[in-house]
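Chain by chain, the residues:
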Amino acid sequence: MTKPRLYSGIQPSKDSLHIGNYTGALVQWRALQDEYDAFFSIVDLHALTNAAHDPKILADATRGLAAQYIAAGIEPAKSCLYVQSHVSAHSELTWLLNTITGFGEANRMTQFKDKSQRFGADATTVGLFDYPVLMAADILLYDTVIVPVGDDQRQHVELTRDLAERFNSRFGEVFVLPKAQFPEEGARVYDLQNPTAKMSKSAESDAGILWLLDEPSVTAKKIMRAVTDTLGVVRFDWENQPGITNLLSIYTALTGRSEQEAEDEFTGRGYGDFKKTVADAVVAEFEPVRARTLELQADPAELDRLLAANAERAEAIANATLKRAQDAIGLLPRLR
Ligand code: TYM
């Protein structure tokens, strides 16, 4: 029996993932890869929309992200992990979808609004505006049923569904309608220094971001210095205790404890003690992943071979979907 398809991706916009990418995406991916026919892409075309994009580091960051996927438990024997730009159908389907995407609808994407405000008018490109349409093409090319992502991608997956429905109703049934799936804990991790702002690869300061490839002592120090409050109670209360709640949420996401279990564990204990326990849990989770990533990165040729083989598998599926879309929209088929 064929398994339903799963699709997700992360941008290689930095040389390391952060803990939000880890709990929001990778922990779910790892758990779901047996049940689904899973495709995990390294979305390098999306990374080009970053104002700080540096051509000198992109290729290494792309390979490094493949190493982090594998080190975190994505099994190449089961799941297809590949590089988005290696499959040209992604760009081609984006163009077709562009022609049915409303300007106003793309303009309502909150991530575009946030980023364009941050980048400023000069660095805001048409590529950044089009980012969600490229993401829709990624998902739709693979007849995807579920898209495991963090909470910040909710609106983009909704747009993907809207575009698929619109295309199907105008041109015939071509696309499967996908659904987003979010983790119970860790769907939105906040910056440790500014616990009301989402932890983001592009934040100005490094102090509030836990990078997967940080040295363990750096990780521990960042957690010990995380902003908290003066209430002195360890409990889930996003409104009044965002710093403590963020740490608790990281702790439950990584240890599998329930919220109640975690609160009970820290009843009557001080913030220092609590932070130390969280730091130990994060280091215990990250350290083997970091070590394995470094090992895998020592053999770039092997990673490149794996990515090339997987791109072929991805391409066969993507090209078939693209062809259905081209035919449905009325393009003259090229004789082969
Ligand atoms: P990116 O690279 O920004 O984020 C990758 C994944 O990490 C999740 N995430 C978070 N989760 C919890 N807390 C946070 N602070 C946090 N920050 C990021 C994101 O929700 C995401 O799951 N557009 C996508 C990449 C993409 C994609 C796709 C995803 C391109 N095409 C197709 C799924 C399907 C993105 O923002 O990646």
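Here, every reference points to the structure presented above.
Within each chain, residue numbers correspond to sequence positions counted from 1 in written order. Thresholds applied to this predicted model are a pLDDT of at least 70 for local features of residues and 80 or more for the giving and counting of side-chain atom pairs; totals over whole chains, interfaces and linings are not thresholded and use all residues. Hydrogens and waters are ignored; side-chain quantities use all the structure's heavy atoms.

Caption draft 1: How the structure looks around unusual backbone geometry. One non-glycine residue with positive phi stands out, namely Asp143, at about 50 degrees. Helix and strand definitions follow DSSP, with helices as H or I runs of at least four residues and strands as E runs of at least two, each counted in order from the N terminus. Relative to the helices and strands, Asp143 resides in the loop between α7 (126-140) and β4 (146-148). Under the scheme applied here, a residue whose accessible area is under 20% of the maximum for its type counts as buried, over 50% as exposed, and between as partly exposed, the area being computed with a 1.4 Å probe on protein chains only. Taking relative accessible area as the criterion, Asp143 reaches 25% and is therefore assigned partly exposed.

Caption draft 2: Spatial organisation of the site of the ligand. Only heavy atoms are used to decide nearness, and a residue is near a molecule or strand if one of them lies within 4 Å of it. Taken together, 28 residues lie near the ligand, and Tyr131, Asp138, Asp152, Gln153 and Lys201 sit nearest. In protein, a polar contact requires one atom able to donate a hydrogen and another able to accept it; more generally it is a pair of N or O atoms within 3.5 Å, and residues adjacent in sequence count only if both atoms are side-chain atoms. Note that a nitrogen atom of the ligand is positioned 3.0 Å from one of the backbone N or O atoms of Gly20. Gly150 has a polar backbone atom sitting 2.9 Å from an oxygen atom of the ligand. For the ligand, the protein covers 97% of the area, taking 700 Å² as the surface of the free molecule. Only β1 (5-10), α1 (19-32) and α7 provide two or more residues apiece to the shell around the ligand. Gly is placed with the polar residues, together with every amino acid not listed as nonpolar (Ala, Val, Leu, Ile, Met, Phe, Trp, Tyr, Cys and Pro) or charged (Asp, Glu, Lys and Arg). Classifying every residue of the shell around the ligand by side-chain character gives twelve nonpolar, eleven polar and five charged. Residue exposure ignores everything except the shown protein chains as possible cover, and the areas themselves are Shrake-Rupley values with a 1.4 Å probe.

Caption draft 3: Highlighting the pattern of salt bridges. By salt bridge we mean one thing: a side-chain nitrogen of Lys or Arg within 4 Å of a carboxyl oxygen of Asp or Glu. By the definition in use, this model includes 22 salt bridges. The partner of Arg30 in a salt bridge is Glu285, and the shortest N-O contact between them spans 3.4 Å. Of this pair, Arg30 sits in helix α1 while Glu285 sits in helix α12 (residues 271-297), and the two are 255 residues apart along the sequence. The partner of Asp34 in a salt bridge is Lys78, with the nearest N and O atoms 2.7 Å apart. A residue pair is termed long-range when its members are at least 10 positions apart, and Asp34 in the loop between α1 and β2 (37-42) and Lys78 in the loop between α3 (55-71) and β3 (80-83) qualify at 44 residues. Residue classification places Asp34 among the partly exposed positions, given a relative accessible area of 45%.

Caption draft 4: Broad picture of the pairing of β3. Taking every second residue as pointing to the same face, both faces of β3 are buried, with Cys80 and Tyr82 on one and Leu81 and Val83 on the other. Pairing between β2 and β3: four bridges, direction parallel. Considered in β3, the bridge of Ile42 is made with Val83. Only strands joined by at least two bridges in the DSSP assignment are considered to pair.

Caption draft 5: Just the nonpolar core, in detail. Nonpolar cores were defined as sets of buried Ala, Val, Leu, Ile, Met, Phe, Trp, Tyr and Cys residues, with membership established by side-chain atoms within 4.5 Å. Core analysis: the largest hydrophobic core is formed by 54 residues, its most contacted members being Ile19, Leu26, Tyr69 and Val282. Listed by contribution, the elements that provide at least two residues to this core are β1, α1, β2, α3, β3, α10 (242-255), α12 and α13 (300-329). Per-element accounting of this core gives the leading share, nine residues, to α12. Two domains each provide a minimum of three residues to this core, namely domain 1 (5-186 + 299-329) and domain 2 (206-295). In this structure Leu26 touches Ile10, Leu17, Asn21, Tyr69, Ala72 and Ile74, once residues within four positions along its chain are discounted. Judged by nonpolar contacts, the second largest core, of 37 residues, contains Leu96, Phe129, Val133 and Val174. All domain edges in this entry derive from an automatic or database-based domain assignment. Contacts were defined at the residue level, with two residues in contact if any of their heavy atoms lie within 4.5 Å.

Caption draft 6: Expanded view of empty space enclosed by the protein. Each cavity reported here is a set of points on a 1 Å grid over the protein atoms alone in which a 1.4 Å probe fits but cannot get out, each pocket an open set with protein on both sides within 12 Å along at least five of seven lines, and each lining residue one with an atom within 4 Å of a point. Grid points are joined across faces, edges and corners, and a volume is the space filled by probe spheres set on the points. According to the stated counting rule, one finds one cavity of 30 Å³ or more in the structure shown. Of the voids in this model, the largest cavity is the one considered here, and its volume is about 60 Å³. Secondary-structure elements contributing two or more residues to the lining of the largest cavity are α6 (110-119) and α7. Of the residues that constitute the lining of the largest cavity, the class distribution is five nonpolar, two polar and one charged.

Caption draft 7: Region of interest: the packing of α7 against helix α8 (residues 154-171). Note on method: axes are straight lines fitted to C-alpha atoms, helices fitted across the in-contact stretch only, with angles between N-to-C directions ranging 0 to 180 degrees. Packing of α7 against α8 leaves a shortest axis separation of 9 Å and a crossing angle of 65 degrees. One way to sum up the angle between α7 and α8 is to call them roughly perpendicular. Crossing of α7 over α8 shows right-handed handedness. Contacts between α7 and α8 involve Tyr131, Pro132, Met135, Ala136, Ile139 and Leu140 on the former and, on the latter, His156, Val157, Leu159, Thr160, Leu163 and Ala164. Within the contact of α7 with α8, the residues separate by chemical class into ten nonpolar, two polar and no charged. The labels follow the angle: roughly parallel below 35 degrees, roughly antiparallel above 145, roughly perpendicular from 65 to 115, and oblique for the rest. Note on convention: near helix rotated counterclockwise from far helix by under a right angle means a left-handed crossing. Clockwise means right-handed.

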